[in-house]
Amino acid sequence: MPDAPAAAEGDVVDHYENFPVASVLLPRPLRRPVAVIYRFARTADDLADEGDAAPAERLAALGALSDALERIGAGTDPGTPMMRALAEVIAEYRLPLPLFHDLLDAFRQDVTVHRHADWDSLLDYSRRSANPVGRLMLHLYGAATPDRFARADAICTGLQLVNFWQDVAIDFARGRIYLPADAMARHGVDENALAEGRCDVRWLALMEELKIRTEAMLQSGASLALDLPRTVDWRIGWELRLVVQGGLRVLERIEAVGYDVFRRRPTLGPADWLLLAWRAAARYRSGTAPSKPAH
């Protein structure tokens, strides 16, 4: 795997994803803009995370993407094929540039900030690292309203948190901890426990608390799938249902292994997606999804 700055812009490293990107459930006209946005976000994330580059090199590479966004805003050539494609999508769908800058800001933070003091710190990070994606999707769907933004934020933040709990060991090996430090202290879990992969009663209590809060957040945004304009293709609602159910299922998987995310990384397989489809159909036919975002 090449160092991040040495990789050509847009040569995105393969990554496991819990949820489909530009999947067959998306209407065909939206697949290209979604893929273009994803390519930008994935490239920036890789510049922050992948390879052996020094922090200064990573920040410089992310700065170059920020400069390219500024050129898009000024109506000048952003300089690379990836950014030109993004400029076309931004212009066509009138996407807000600050959302892309928020993503870059979060990735810069990944380079320099490796601990989070509390839940609010994680929410602030997720506001920039995850929520812009959901808001951009609503703009693409022609469904951008404050109420929908709030529920999309709940879903996107919830998914980001699921990924943190799933990747505790991977992140710790990179020198990062995305567990709230105050909750760790309250439950008596320290960094030595993470280093040793200690799954004792203190760890279980910490993870149970985080799992319950994350589950409530995902469920609070779930009604967004029922509240899209009639002009939005019905498949987008199904995509949202599966995304929410996917996050909830990963939480179940984490719980099922006794919260031992040190020795196994809970993931979803083909059988899980059949279950998710059944759950999405059953739950949303009844219209029982809660409606108030929980932060």
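Worth saying up front: this structure is predicted, and the values here are computed from it rather than measured.

Each value, and the rule that gives it
Residues numbered from 1 in each chain as written. Predicted model: local features only at pLDDT ≥ 70, side-chain atom pairs only at ≥ 80, totals over all residues. Heavy atoms only, no water. Helix = DSSP H or I, 4+ residues; strand = E, 2+ residues; numbered from the N terminus. Buried < 20%, exposed > 50% of the residue type's maximum accessible area, 1.4 Å probe, protein only. Areas by Shrake-Rupley, 256 points an atom, 1.4 Å probe, with all protein chains shown as cover. Core = buried A, V, L, I, M, F, W, Y, C linked by side-chain atoms within 4.5 Å. Domains from an automatic or database assignment. Contact = heavy atoms within 4.5 Å. Phe/Tyr/Trp six-rings, centres within 6.5 Å; stacked < 30°, edge-to-face > 60°. Lys NZ or Arg CZ within 6 Å of the ring centre and 35° of its normal. Salt bridge = Lys/Arg side-chain N within 4 Å of Asp/Glu carboxyl O. 1 Å grid on protein atoms, 1.4 Å probe; cavity = no way out; pocket = protein on both sides within 12 Å on 5 of 7 lines; lining within 4 Å. Points joined across faces, edges and corners; volume = space filled by probe spheres on them. pLDDT = per-residue confidence, 0-100. Axes fitted to C-alpha atoms, helices over the stretch in contact; angles between N-to-C directions. Parallel < 35°, antiparallel > 145°, perpendicular 65-115°, else oblique. Left-handed = near helix turned anticlockwise from the far one by under 90°. Nonpolar A, V, L, I, M, F, W, Y, C, P; charged D, E, K, R; others polar. Expected span 1.5 Å × (residues − 1).

Undergrad: Where do I start with the overall build of the chain in this structure?
TA: If you tally the helices and strands in the chain, you get 13 helices and 0 strands. Reading the chain from its N terminus to its C terminus gives the helix and strand order α-α-α-α-α-α-α-α-α-α-α-α-α. The buried share of the chain, taken over its 295 residues, is 50%. Accessible surface computed for the chain: about 13,300 Å², of which carbon and sulfur atoms make up 55%.

Undergrad: Even after reading the chapter, I still don't get the nonpolar core, so can you show me in this structure?
TA: Across soluble globular proteins, nonpolar side chains have a tendency to be buried as a group. In terms of nonpolar packing, the biggest core is built from 86 residues, with F40, F100, Y141, W165, L179 and W203 touching the most fellow members. Domain assignment of the residues forming this core places at least three in each of domain 1 (26-112) and domain 2 (115-281). Excluding residues that lie within four positions of it along the chain, Y141 makes contacts with L26, L30, V232 and I236.

Undergrad: Hey, could you run me through the packing of aromatic side chains in this one?
TA: What characterises a pair of aromatic rings is the spacing of the ring centres plus the angle enclosed by the ring planes. Under the defined criterion, the tally for this structure stands at 6 aromatic pairs. The rings of Y125, F164, W165 and Y178 are connected pair by pair, giving a single aromatic cluster. Taking the ring centre of W119 as reference, the NZ or CZ of R213 above it sits at 4.0 Å. The side chain of R241 reaches across the aromatic face of W238, ending 4.9 Å from its centre.

Undergrad: Would you mind showing me how to read the pattern of salt bridges here?
TA: Between side chains of opposite charge, a pair can form when the charged atoms approach closely. Per the stated rule, a full pass over the model turns up 24 salt bridges. Close ionic contact of D260 with R264 constitutes a salt bridge, the shortest N to O distance being 3.8 Å. With a relative accessible area of 9%, D260 lands in the buried category. We classify R264 as partly exposed; its relative accessible area is 44%.

Undergrad: What is the right way to read unusual backbone geometry from this model?
TA: Most peptide bonds are trans, and most residues other than glycine sit at a negative phi. A positive phi angle, near 55°, is found at R94, a position not held by glycine. Checked against the element boundaries, R94 lands in the loop between α3 (81-93) and α4 (97-112). The phi torsion at Y259 lies on the positive side, around 60°, for a residue other than glycine. Position of Y259 among the secondary structure elements: in the loop between α12 (234-256) and α13 (270-285).

Undergrad: Can you walk me through empty space enclosed by the protein in this structure?
TA: Under the definition given, this model contains 1 cavity of 30 Å³ or more. Estimates place the volume of the largest cavity at around 30 Å³. Take the lining of the largest cavity: its biggest share by element is 3 residues, from helix α8 (residues 168-173).

Undergrad: Would you mind showing me how to read the side chain of S66 here?
TA: Take S66: it is sitting in helix α2 (residues 55-74). If we ignore the near neighbours within four places in the chain, the residues touching S66 are H101, L104 and R108.

Undergrad: Is there a simple way to think about the confidence of the model for the chain in this case?
TA: Close inspection of predicted coordinates is inappropriate for parts of the model with low pLDDT. Of the residues in the chain, 87% have a pLDDT of 70 or more, and the chain-wide mean is 87. Segment residues 1-22 is flagged for pLDDT under 50; beyond a separation of four residues in sequence, or across chains, it makes 54 contacts in the model. Overall, residues 288-295 carries pLDDT values under 50, and its contacts beyond four positions in sequence, including any with other chains, amount to 28 contacts.

Undergrad: Teacher, can you tell me more about the packing of helix α1 (residues 28-49) against α2 here?
TA: Helix-helix packing is described using two parameters, namely the angle between the two axes and the distance between the axes. The N-to-C vectors of α1 and α2 enclose an angle of 155°; their axes lie 8 Å apart at closest approach. What the angle tells us is that α1 and α2 run roughly antiparallel. Relative to α2, the crossing made by α1 is left-handed. Taken together, the residues of α2 that come into contact with α1 (itself represented by F40, A44, D46, L47, A48 and D49) are R58, A61, L62, L65 and L69. For the contact of α1 with α2, the per-class residue count stands at 8 nonpolar, no polar and 3 charged.

Undergrad: Is there a simple way to think about α1 in this case?
TA: Residues lying three or four places apart along an α-helix face the same way, a consequence of the helix completing one turn every 3.6 residues. With 22 residues, α1 extends 31 Å between its outermost C-alpha atoms, agreeing within 8% with the 32 Å of an ideal straight helix rising 1.5 Å per residue. With its phi angle positive at about 80°, G51 sits one or two positions after the end of α1.

Undergrad: Would you take a moment to explain the packing of helix α6 (residues 131-141) against helix α7 (residues 146-166) for this structure?
TA: Across the interface, α6 lies against α7 with an axial gap of 8 Å and an inter-helix angle of 135°. As the angle between them shows, α6 and α7 are arranged oblique. Between α6 and α7 lies a crossing whose hand is right-handed. Along its contact with α6, which presents N131, G134, R135, L138 and H139, the element α7 presents R148, F149, A152, D153, C156 and T157. Partitioning the contact of α6 with α7 into residue classes produces 4 nonpolar, 4 polar and 3 charged.

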